[in-house]
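Residue-level listing of the chains:
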Amino acid sequence: MYSDGSERDCAQQTFEGFPPPEEGEGYSYSAGFGYLGGPQEGKGRGKSELQIQEIHRQANILGFAILLSIFLSNASFFLLTRLFALLSSGVVIMKNGQVLTNQFLHYFIRLLVYLAQIVIPYWVVSCLNGFRLKKGLPRGPVKGRILVPCTFILLAIGIVGIASANVLGGLASQLNIRFVSSAEPAITSAPAYLLYFLSLSAVPAVVEEVVFRGVVLQPLRRFGDRFAVVVSAIVFAMAHQSFVKAPNMFFVGLFLGYVAIKSGSILTTVVLHFVNNALSLVLATLQTAVSASTYALVQNSLFALLLLLGVFSVAYLSRQDSAIFAIEDYEDTNTLTTKMVAFIGSGGFVISLCMVAFLMASQARIL
């Protein structure tokens with residue numbers, strides 16, 4: 001129990017959205033672990049061991065969610081295409097198993113598959129962790145003085161990520177390896193383009209922020225904010241299951257996690273995510289509409305401008321607060337390295353990591 005109310009209030013403010021269990025004999029707060037319940041809990045074990053044990057549990061839960069997501073991405077696609085083939089002439093299943101769809105149904109099925117593979121697994125995670133969106137999501141307002149510079153910084157990070165993807169692709173080609181992705185059908189109708197935009201830009205911005213900066217990141221903050229940001233970025237990158245995009249997704253995940261914590265606003269990260277996705281889709285659309293030389297000129301000019309604005313934005317935020325990019329953790333029972341080793345070395349997470357690596361390797365083709 002707390003000796004006075006002030007310590008309890010401080011703990012509740014530090015871990016907003018994670019209220020303590022019901023008052024009872026023996027409840028205490030342990031820095032880096034959270035609320036320990038009951039006088040017998042952890043008897044004979046130190047706080048360090050308890051924290052590592054709980055980190056293993058979280059790693060296994062998230063590993064299970066990643067595996068479930070992979071299963072659902074395939075199972076839901078199989079079931080939905082068969083269902084729509086029965087209901088509509090717009091979906092045809094060939095004898096060799098190939099699926100032919102019209103533009104609109106292609107993106108509609110894709111959107112349903114995406115929602116199934118993201119929402120269901122991480123809803124399970126939220127249930128297992130007792131995480132409630134209503135209380136657990138950071139609900140601070142969107143502030144323009146934070147949003148505008150952070151937008152330019154995120155876009156600059158995305159440009160660096162594109163460069164890293166090109167480097168990885170170039171290195172792979174030197175080894176006579178090419179990584180392939182599924183081809184998208186040409187879009188010729190306004191409804192299909194609207195659904196394409198929603199399924200690849202607007203919906204992921206909301207869903208992925210609620211999941212990765214909410215359901216995943218927030219419960220992990222009791223082990224330290226730096227740990228939570230790094231782990232949520234790793235899970236975010238793994239969820240995209242792309243070898244060449246993995247570095248970009250990881251660094252984007254790091255920055256969005258940082259913004260979620262610093263701003264205290266999930267709406268801010270949703271807007272950032274949406275702008276980043278929308279720009280990528282606009283460039284992809286432009287690439288198909290103009291000549292290669294015109295597109296290269298527009299892209300290189302835009303990238304140079306965004307990189308410059310990103311550098312200026314970093315300088316602006318640093319001028320406002322010299323410690324703006326630092327995440328201060330409270331005194332903890334284990335180092336960040338110890339916690340990361342415990343997380344990555346957990347059985348469930350290792351299995352999911354191997355599965356994602358296998359899926360990435362399956363994208364490789366020998367030239």
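Predicted model, so just to flag it, every value in this text is computed and none were measured.

### Considerations on the overall build of the chain
Here is step 1 of the chain: Secondary structure assignment for the chain yields twelve helices and six strands.
Here is step 2 of the chain: Put simply, the chain has 367 residues, and 41% of those count as buried.
Here is step 3 of the chain: In the chain, the share of contacts with a sequence separation of at least 24, taken over all contacts with a separation of at least 6, comes to 75%.
Here is step 4 of the chain: Summed over all atoms, the accessible surface of the chain reaches about 19,100 Å², with 65% contributed by carbon and sulfur.

### Some thoughts on the environment of glycine 90
Here is step 1 of the chain: Position of glycine 90 relative to the elements: it lies in the loop between helix H2 (47-87) and strand E3 (91-93).
Here is step 2 of the chain: In the structure, glycine 90 is positioned 16 residues away from histidine 106 in sequence and 9.0 Å away in space, judged by C-alpha atoms.
Here is step 3 of the chain: Apart from the residues lying within four places of it in its own chain, the contact partners of glycine 90 are Leu100, Thr101, Asn102 and Leu105.

### Some details on the UniProt feature "transmembrane region" (unreviewed entry) in the chain
Here is step 1 of the chain: In the numbering used here, UniProt assigns the feature "transmembrane region" (unreviewed entry) to residues 61-84, 104-125, 146-173, 193-215, 227-244, 250-275, 296-317 and 340-361.
Here is step 2 of the chain: End C-alpha to end C-alpha, residues 146-173 measures 40 Å, and it is 100% helix and 0% strand.
Here is step 3 of the chain: The annotated region residues 296-317 carries 100% helix and 0% strand content, and the separation between its end C-alpha atoms amounts to 31 Å.

### Description of the nonpolar core
Here is step 1 of the chain: Core analysis: the largest hydrophobic core is formed by 53 residues, its most contacted members being Leu62, Ile66, Tyr122, Leu220, Phe227, Val231 and Phe343.
Here is step 2 of the chain: Ranked by the residues each element gives to this core, the list is headed by helix H7 (residues 225-240), at nine residues.
Here is step 3 of the chain: Excluding anything up to four places from it in sequence, leucine 62 contacts Tyr122, Val125, Val216, Leu220, Val231, Val235 and Phe343.

### Considering the confidence of the model for the chain
Here is step 1 of the chain: Of the residues in the chain, 86% have a pLDDT of 70 or more, and the chain-wide mean is 84.
Here is step 2 of the chain: With pLDDT under 50 throughout, residues 1-44 is counted as low confidence; its partners more than four residues away or in other chains account for 65 contacts.

### Some words on the packing of H7 against helix H11 (residues 336-344)
Here is step 1 of the chain: Where H7 contacts H11, the two axes come as close as 10 Å, and the packing angle between them is 35°. Taken as a pair, H7 and H11 cross one another with a handedness that is right-handed. Between H7 and H11, the contacting residues are Arg226, Phe227, Val230, Val231 and Ile234 on the first element and Leu336, Lys339, Met340 and Phe343 on the second.
Here is step 2 of the chain: When the residues that make up the contact of H7 with H11 are grouped by side-chain class, the tally is seven nonpolar, no polar and two charged.

### Some remarks on the side chain of serine 265
Here is step 1 of the chain: Structurally, serine 265 is set in the loop between helix H8 (246-263) and helix H9 (266-289).
Here is step 2 of the chain: Here the side chain of serine 265 touches glycine 140 through a polar contact of 2.9 Å, landing on its backbone oxygen.
Here is step 3 of the chain: A polar atom in the side chain of serine 265 sits 3.0 Å from the side chain of threonine 268.
Here is step 4 of the chain: Sequence-distant contacts of serine 265, defined by excluding residues within four places in its chain, comprise Pro138, Gly140, Pro141, Val142 and Ala260.

### Some words on the pattern of salt bridges
Here is step 1 of the chain: All chains considered together, the criterion is met by four salt bridges.
Here is step 2 of the chain: Its salt-bridge partner being arginine 222, residue glutamate 54 comes within 2.5 Å of it at the nearest N-O pair. Residue glutamate 54 is found in helix H2, and its partner arginine 222 is found in the loop between helix H6 (190-220) and H7; the two are separated by 168 residues along the sequence. Of the two residues examined, glutamate 54 and arginine 222, each falls in the buried class.
Here is step 3 of the chain: Members of the salt-bridge network, linked through shared partners, are Glu54, Arg57 and Arg222.

### Here's the deal with the packing of aromatic side chains
Here is step 1 of the chain: Scanning the model with the defined rule gives 13 aromatic pairs in all.
Here is step 2 of the chain: On the basis of an interplanar angle of 85° and a centroid distance of 5.9 Å, the ring pair of phenylalanine 197 and phenylalanine 274 is categorised as edge-to-face. Of this pair, phenylalanine 197 sits in helix H6 while phenylalanine 274 sits in helix H9, and the two are 77 residues apart along the sequence.
Here is step 3 of the chain: A residue is classified by how much of its surface remains accessible, and phenylalanine 274, at 31% relative accessible area, is partly exposed.

### Describing a positive patch on the surface
Here is step 1 of the chain: A surface patch of like charges, here positive, comprises Arg132, Lys134, Lys135 and Arg139.
Here is step 2 of the chain: By secondary structure assignment, the location of lysine 134 is in helix H4 (residues 133-136).

### Things to note about unusual backbone geometry
Here is step 1 of the chain: We note that glutamine 241 has phi near 50°; this positive angle belongs to a residue other than glycine.
Here is step 2 of the chain: In this fold, glutamine 241 is placed in the loop between H7 and H8.
Here is step 3 of the chain: Residue glutamine 241 is classed as buried on the basis of its relative accessible area of 17%.

### Examining the side chain of threonine 269
Here is step 1 of the chain: Structurally, threonine 269 is set in helix H9.
Here is step 2 of the chain: Every residue in contact with threonine 269, bar those within four places of it in the chain, is listed here: Glu209, Leu256, Val259 and Ala260.

### Focus on a nonpolar patch on the surface
Here is step 1 of the chain: There is a patch of nonpolar side chains on the surface, built from Leu83, Leu86 and Leu87 and spanning about 360 Å² of accessible area.
Here is step 2 of the chain: Tracing the chain through its elements places leucine 83 in helix H2.

### Structural notes on H11
Here is step 1 of the chain: Where H11 is concerned, the buried positions are Lys339, Met340, Ala342 and Phe343. Down the axis of H11, the buried set is contained in an arc of 160°. They therefore lie on one face. Exposed and oriented more than 90 degrees from the buried face of H11 are Thr337 and Val341.

Parameters at a glance
- Residues numbered from 1 in each chain as written.
- Predicted model: local features only at pLDDT ≥ 70, side-chain atom pairs only at ≥ 80, totals over all residues.
- Heavy atoms only, no water.
- Helix = DSSP H or I, 4+ residues; strand = E, 2+ residues; numbered from the N terminus.
- Buried < 20%, exposed > 50% of the residue type's maximum accessible area, 1.4 Å probe, protein only.
- Contact = heavy atoms within 4.5 Å.
- Areas by Shrake-Rupley, 256 points an atom, 1.4 Å probe, with all protein chains shown as cover.
- UniProt positions renumbered as here; feature names shortened; annotations may be inferred.
- Core = buried A, V, L, I, M, F, W, Y, C linked by side-chain atoms within 4.5 Å.
- pLDDT = per-residue confidence, 0-100.
- Axes fitted to C-alpha atoms, helices over the stretch in contact; angles between N-to-C directions.
- Left-handed = near helix turned anticlockwise from the far one by under 90°.
- Nonpolar A, V, L, I, M, F, W, Y, C, P; charged D, E, K, R; others polar.
- Polar contact = N/O pair within 3.5 Å; in protein donor to acceptor, adjacent residues only side chain to side chain.
- Salt bridge = Lys/Arg side-chain N within 4 Å of Asp/Glu carboxyl O.
- Phe/Tyr/Trp six-rings, centres within 6.5 Å; stacked < 30°, edge-to-face > 60°.
- Patch = residues over 30% accessible without salt bridge, like charges linked within 9 Å, V, L, I, M, F, W, Y side chains within 5 Å.
- Lys, Arg positive; Asp, Glu negative; His and termini not counted.
- Charge placed at Lys NZ, Arg CZ, Asp CG, Glu CD.
- Arc of directions from axis to C-beta.

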